[in-house]
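# A closer look at the structure
Here are the chains, one letter per residue:
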Amino acid sequence: MGKTVIPIGPYHPLQEEPEFFTLTVEGETVVDIDVRMGYNHRGIEKLSEQKTFENSTFVVERICGICSTSHPFAYTRAVEDIFPMEVSMRSKYIRTIVAEGERIHSHLLWLGLAGHFLGYNTVYMWAWKLREEILDVMEIISGNRQAYAMFKPGGVRRDINAEDIPICFKKIDSILPTLDMLKKAVLDDPVLHARLKGVGVMSYQEAIDFSALGPTSRASGVARDVRKDSPYGAYQEMEWNMIVTKNGDVFDKAVVRILEMFESAKIMKYCLNNIPDGEIDAKILDVPPGEGIGHIEAPRGETFHYVRSDGTNRPIRHKVRAPTFMNLPTYKATVKGQTISDATIILAAIDPCYCCTERIAVKDNKGRMLYDGNDLVQLSRSKTEKMKKRMGGR
Amino acid sequence: MTREEILLDFTSRFNEDILDFEDKSNTRVYVRIKPGAIVRAGTYLFRNIGARFNTATGIDVPPDMEILYHFTVEDINLLISLKVTLDREKPEIESLAKDIEAFNWIEREMSELLGITFVGHPDPRRLLLADSWPEGVCPLRQDYEEWDESADRTRGV
């Protein structure tokens, strides 16, 4: 049978990093896959060399719209590692609250979109409705729904008002029953079991070889989480569980993310209850020559920053490595041998800030259009429908 | 193994290749090694010690070119950075991506942004720069100059 090449991408408004996938298929089966990146390469590492240490915080905040806290968090830790110094306990608590709030809203965003691509728009509606509540909490704390601008080397820029704490606490508590309902709806659904189990499996050894990160690796049984392995912020202060599952398929990646949201809510509630008094800013005046590394657990995995200073007020090198840089190459292990209707959800399962499904087009070897993006989403949904019917549901 | 045992094991095994050893803090260690030993040292950390490869940082510090390979040993909360110094005129080093998939993309990135050649890389294509970007122009080098006269990129703060 002849091979067909399917281009996916490169642009989609839902993605913050446009990517261009080339799927080679034989019939329904994907036999090869390749990716081309760099459509949105903005040269932030170079730009950061021209900003002061304080200004760079806001530059890196704009790397990603969804995880706008993880980059400043890793960057400020890298600058604080140059000396090295410790920030005050109160600012550590505030940083932890903001980071965990971001994890919940990022996981909800993923869950909603995953549901949407599978034809479960109810999941999409519920998840995004819940996400609004968390964004409200973030707005109370920082004044913004996104790009919180809370971080600075040496501490945080804004304190949390004592009178806001009960309001945030109540809001987080109020989403938990709905989150629980959503968890049951997703995890107990026989159709989703049939649709996602055994799809896009990444083995333990593959996760190690690719140095996969975050939920992508934890779903394959690799127990790595920067929050546990090299504790920072306030994560040592309370009891919480690292969620690890064994199967490495799309279903397990969803399970890890859903269960992690409950842990994040637990951490946020503890921090709000037990936040100590104190200064929020260590007022760093000069950064001495040296080098520092900061790494934190973002919603998608470890975010890594390296900063080198020569004693002036600007970094001479600032290296940024986002988690998707390590997670995206795992497509080589997970997509080959799967069907086209599963390719979209497998590429989406690593949460690559999102794979541009609507830009997929299937052409035959004479260049005639066979399917476009909508058709492929339909294909994915109709597979779910067929499974529902076969299993006797509606 | 404890932190001391791992570091002792590593330093005694690569005793002849280590040029400088900086024990910066409880969680950070910087080791400068000979470029020729990077594949052996990196593979040993990754496969035998079980370290996770974080990423690599290429730095242009005239008159040298430097690469830092960052590894995390998660059990003991230690970040080991292997430093190598290359000749800036003709930066060349053996590729680790031949055996370990995790090094693939970052070596492609360093090769286009800094002009470092990774000998034996399985897939030495461009990763980030556009197809229209001229060959041999490396944007992260200190002597980088704007090549595109039509581009309006305001510089500085």
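Remember, it's a predicted structure, so these values are computed and weren't measured experimentally.

About the criteria used
Residues numbered from 1 in each chain as written. Chains lettered and ligands numbered in written order. Predicted model: local features only at pLDDT ≥ 70, side-chain atom pairs only at ≥ 80, totals over all residues. Helix = DSSP H or I, 4+ residues; strand = E, 2+ residues; numbered from the N terminus. Buried ≥ 20, exposed ≤ 12 C-beta atoms within 10 Å, placed from the backbone. Contact = placed C-beta atoms within 7 Å. Domains from an automatic or database assignment. Nonpolar A, V, L, I, M, F, W, Y, C, P; charged D, E, K, R; others polar. Pairing = 2+ DSSP bridges. Axes fitted to C-alpha atoms, helices over the stretch in contact; angles between N-to-C directions. Expected span 1.5 Å × (residues − 1). Bend = angle between axes of the 7 residues up to and from the residue.

For chain B, the helix and strand inventory stands at three helices and seven strands. Along chain B, helices and strands appear, N-terminal first, in the series α-β-β-α-β-β-β-β-α-β. Over its C-alpha atoms, taken along the principal directions, chain B stretches across nearly 60 × 35 × 25 Å. Among the 157 residues that make up chain B, the fraction classed as buried is 35%. Relative to all contacts within chain B whose residues are 6 or more apart in sequence, the contacts with residues 24 or more apart total 49%.

So, about the domain arrangement of chain A. Residues and elements named next belong to chain A. You can read the domains of chain A as domain 1 (3-40 + 331-390) and domain 2 (53-325). Just the C-alpha atoms count here: the centres of domain 1 and domain 2 sit 28 Å apart. Where the side of domain 1 that touches domain 2 is concerned, the elements lending two or more residues are α13 (331-334), α14 (340-349) and α15 (373-390). Residue contributions to the side of domain 1 that touches domain 2 peak at seven residues, all from α15. Broken down by class, the residue content of the side of domain 1 that touches domain 2 amounts to 12 nonpolar, six polar and seven charged.

The next thing to look at is the interface of chain B and chain A. Each side of the interface is counted separately: chain B has 28 residues, and chain A has 27 residues. Breaking the side of chain B that touches chain A down by element, the ones donating at least two residues are β3 (52-61), β4 (64-73) and α3 (104-113) of chain B. The element that contributes the greatest number of residues to the side of chain B that touches chain A is β3(B), accounting for six residues. In the side of chain B that touches chain A, the residues fall into 14 nonpolar, nine polar and five charged.

Residues and elements named next belong to chain A. Here three strands make up an open sheet; going across it, the order is β1-β2-β3 and the pairing antiparallel. In this open sheet, the two edge strands, each paired with only one partner strand, are β1 (3-8) and β3 (29-36). Taking each pair of neighbouring strands and ignoring which way they run, the sheet shows an average axis angle of 20 degrees. The pairing of β1 with strand β2 (residues 20-26) spans six bridges and is antiparallel. Pairing of T4 across the sheet is with V25, part of β2. Its contacts with the sheet place α14 against β1, β2 and β3, and it is angled at close to 150 degrees to β2.

This part is about helix α6 (residues 164-187) of chain A. Residues and elements named next belong to chain A. A rise of 1.5 Å per residue sets the reference length of α6, with its 24 residues, at 34 Å; its end C-alpha atoms lie 34 Å apart and thus fit the reference within 8%. Along α6, the helix axis deviates most sharply at L176, where the bend reaches about 30 degrees; the proline P177 sits within four residues downstream. Of all the positions in α6, only C168, I172, I175, L179, L182 and V186 are classed as buried. In the core, the buried residues of α6 are packed alongside α5 (121-142), α7 (190-196) and α11 (250-274).

The next point concerns the pairing of strand β5 (residues 78-87) of chain B. Residue and element names in this part refer to chain B. With seven of 10 residues buried, β5 lies mostly within the body of the structure. Relative to β5, strand β2 (residues 28-33) runs parallel, the two being bridged by five bridges. Among the inter-strand pairings, R28 is bridged to a residue of β5, identified as L79. Across 10 bridges, β4 lies against β5 in antiparallel orientation. Its bridge partner being in β5, T72 is matched across the sheet by L79. Connecting β4 to the next strand, β5, in antiparallel fashion are four residues, including N77 with a positive phi near 50 degrees.

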